[in-house]
Structure formats: C-alpha cells, structure tokens
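Structure assessment
Chain by chain, the residues run as shown.
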Amino acid sequence: MIHTVTAGQTLSQIARDYRTPLSAIISANPGINPNVLYIGQQIVIPGFPNPNTIPYRIEVSVNNRWLRLYKDNILLKQYPIAVGRMLYDTPVGNYIIINKAPNPGGPFGTMWMSLSKEHYGIHGTNDPSSIGHAVSHGCIRMHNNNVEELASIIPIGTPVFIHP
C-alpha cells in the first residue's frame, strides 16, 4: 500500500491512521527522514494489499448521504447513510478499509470497519432512524444489515473516496 502525504501530516500520525508501528513504516521506507515529510511524498505502508489489485471501491457523498459500492468500476449497490453533524464533519479524502470488527456494540451496531484515518470508520447503528441525517461524530453510519452485507463483500484494503 502506498500513502501519499498531504498537508500537515506527520509520520507518527500516518502510523496511527494505519494502525501500523512507526518502526515498521520506517523499515519499509529506507532513507526516509521521519522528521521531514513533503506534500506528495509516497510512503510504503506495510501489511496492506496494493489497492490496484482490489476490484472494489467505495464512494461516499456526504451531502447526498449515500455510499456506493463499485466492482471493476460498475456500480453494484447504493446504500443510505448518516454522516457527521456540525462540528464533527465526516472527513473528505481518500482512505482504505484497514480492519473489520463484528459486534462492536453500542452506537456502532453490528459491524465496524476502520478507515485509514484515526477514530473514523463505517459502521452500523443502534438508532436506525438516524440514517439519512447529519448526526454522527464524523463516522459513516449504515443500517446494520447493509453494513454487514458490505463488510462481507469488500476485502481489507478497499479504497474509500469521501467527497462533499
């Protein structure tokens, strides 16, 4: 997996975002200066597949409150979602799914899938009436049956593009 550095990122934060030890990232990138990153720099993140080898991708529209699943650039499914409320915006950008945790409980419903941005994910809900609204702390909420279906289809490393 190759991560492209964006403004303000540090290697420590990138390590936290991917839940990968900083030492493993430094080892996978010989010659990198962990204290000097530049915008556009390519950093190898070990332990994740090359996203180009994954036929699936996810697109999320925050404003339209939908999540679309594509396979080989063909739309397979569109799901309704809830997004972040005021002061807790859903982060826009390019991420990947880095892990899946069934039955996290509470407000996360029956499935949690972490994004490669610390503290954010795609998850179910214990409040199905929230779907379609801007109510979360920035995560993407789905109906439990939908997030379970999605999780059963996509592999770890699936690209996720979130836009307004």
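Please refer to the structure placed before this passage.
Right, let's walk through the structure included here.

Scoring rules and cut-offs
- Residues numbered from 1 in each chain as written.
- Predicted model: local features only at pLDDT ≥ 70, side-chain atom pairs only at ≥ 80, totals over all residues.
- Heavy atoms only, no water.
- Helix = DSSP H or I, 4+ residues; strand = E, 2+ residues; numbered from the N terminus.
- Rg over C-alpha atoms; globule rule 2.2 N^0.38 Å.
- Buried < 20%, exposed > 50% of the residue type's maximum accessible area, 1.4 Å probe, protein only.
- Contact = heavy atoms within 4.5 Å.
- Areas by Shrake-Rupley, 256 points an atom, 1.4 Å probe, with all protein chains shown as cover.
- Phe/Tyr/Trp six-rings, centres within 6.5 Å; stacked < 30°, edge-to-face > 60°.
- Lys NZ or Arg CZ within 6 Å of the ring centre and 35° of its normal.
- 1 Å grid on protein atoms, 1.4 Å probe; cavity = no way out; pocket = protein on both sides within 12 Å on 5 of 7 lines; lining within 4 Å.
- Points joined across faces, edges and corners; volume = space filled by probe spheres on them.
- Pairing = 2+ DSSP bridges.
- Core = buried A, V, L, I, M, F, W, Y, C linked by side-chain atoms within 4.5 Å.
- Salt bridge = Lys/Arg side-chain N within 4 Å of Asp/Glu carboxyl O.

1. Digging into the overall build of the protein
For the protein, the helix and strand inventory stands at three helices and twelve strands. Compactness check: the protein gives a C-alpha radius of gyration of 16 Å against a globular reference of 15 Å for 164 residues, within 12% of the reference. Each principal axis of the C-alpha atoms in the protein carries an extent, and together these give about 50 × 35 × 30 Å. Split into buried and exposed, the 164 residues of the protein put 43% on the buried side. Taking contacts inside the protein between residues at least 6 apart in sequence as the whole, the part at least 24 apart equals 56%. In the structure as shown, the protein presents an accessible area of about 8,200 Å², 54% of it carried by carbon and sulfur atoms.

2. A closer look at the packing of aromatic side chains
Both the distance between ring centres and the angle between the ring planes are used here to describe each pair of aromatic rings. Counted under the stated rule, the structure contains two aromatic pairs. A ring pair is formed by phenylalanine 108 and tryptophan 112, whose centres lie 5.3 Å apart and whose planes are at 80 degrees; its orientation type is edge-to-face. Under the relative-accessibility criterion, phenylalanine 108 is labelled partly exposed at 32%. When the ring centre of tryptophan 66 is taken as reference, the NZ or CZ atom of arginine 68 above it lies at 3.7 Å.

3. With respect to the layout of surface pockets
Each pocket or cavity is described by its volume, and for the largest pocket that value is around 390 Å³. In terms of lining, the largest pocket is formed by 19 residues, of which the most central are His3, Tyr18, Gly93, Asn94 and Tyr95. Elements supplying a minimum of two residues to the lining of the largest pocket: β1 (2–4), β3 (56–61), β7 (93–102) and β12 (159–163). Broken down by element, the residue count for the lining of the largest pocket peaks at four residues, all from β7.

4. Some remarks on the sheet that holds strand β9 (residues 121–123)
Strand order in the open sheet formed by eight strands is β5-β4-β3-β12-β7-β8-β9-β11, and the pairing between neighbours is mixed. The sheet terminates laterally at β5 (74–80) and β11 (140–141), the two strands that pair on one side only.

5. Regarding the nonpolar core
Ile58, Leu67, Met113, Ile122 and Leu150 are the most contacted members of the largest nonpolar core, which has 25 residues in total. Elements with a contribution of two residues or more to this core: β3, β4 (66–71), β7, β8 (111–115), α3 (144–153) and β12. With near-sequence residues (within four places) excluded, leucine 67 lies in contact with Ile58, Glu59, Val60, Lys77, Gln78, Tyr79, Ile81, Ile122, Ile140, Met142 and Leu150. Within the second largest apolar cluster, 13 residues are counted, among which are Leu11, Tyr18, Ile25 and Ile32.

6. Concerning the pattern of salt bridges
For the structure shown, the criterion picks out two salt bridges. Glutamate 118 is the partner of arginine 16 in a salt bridge, and the nearest nitrogen-oxygen pair spans 3.4 Å. A residue pair is termed long-range when its members are at least 10 positions apart, and arginine 16 in helix α1 (residues 11–17) and glutamate 118 in the loop between β8 and β9 qualify at 102 residues. Judged by its relative accessible area of 39%, arginine 16 is partly exposed. On the basis of relative accessibility, which here comes to 23%, the residue glutamate 118 falls in the partly exposed class.

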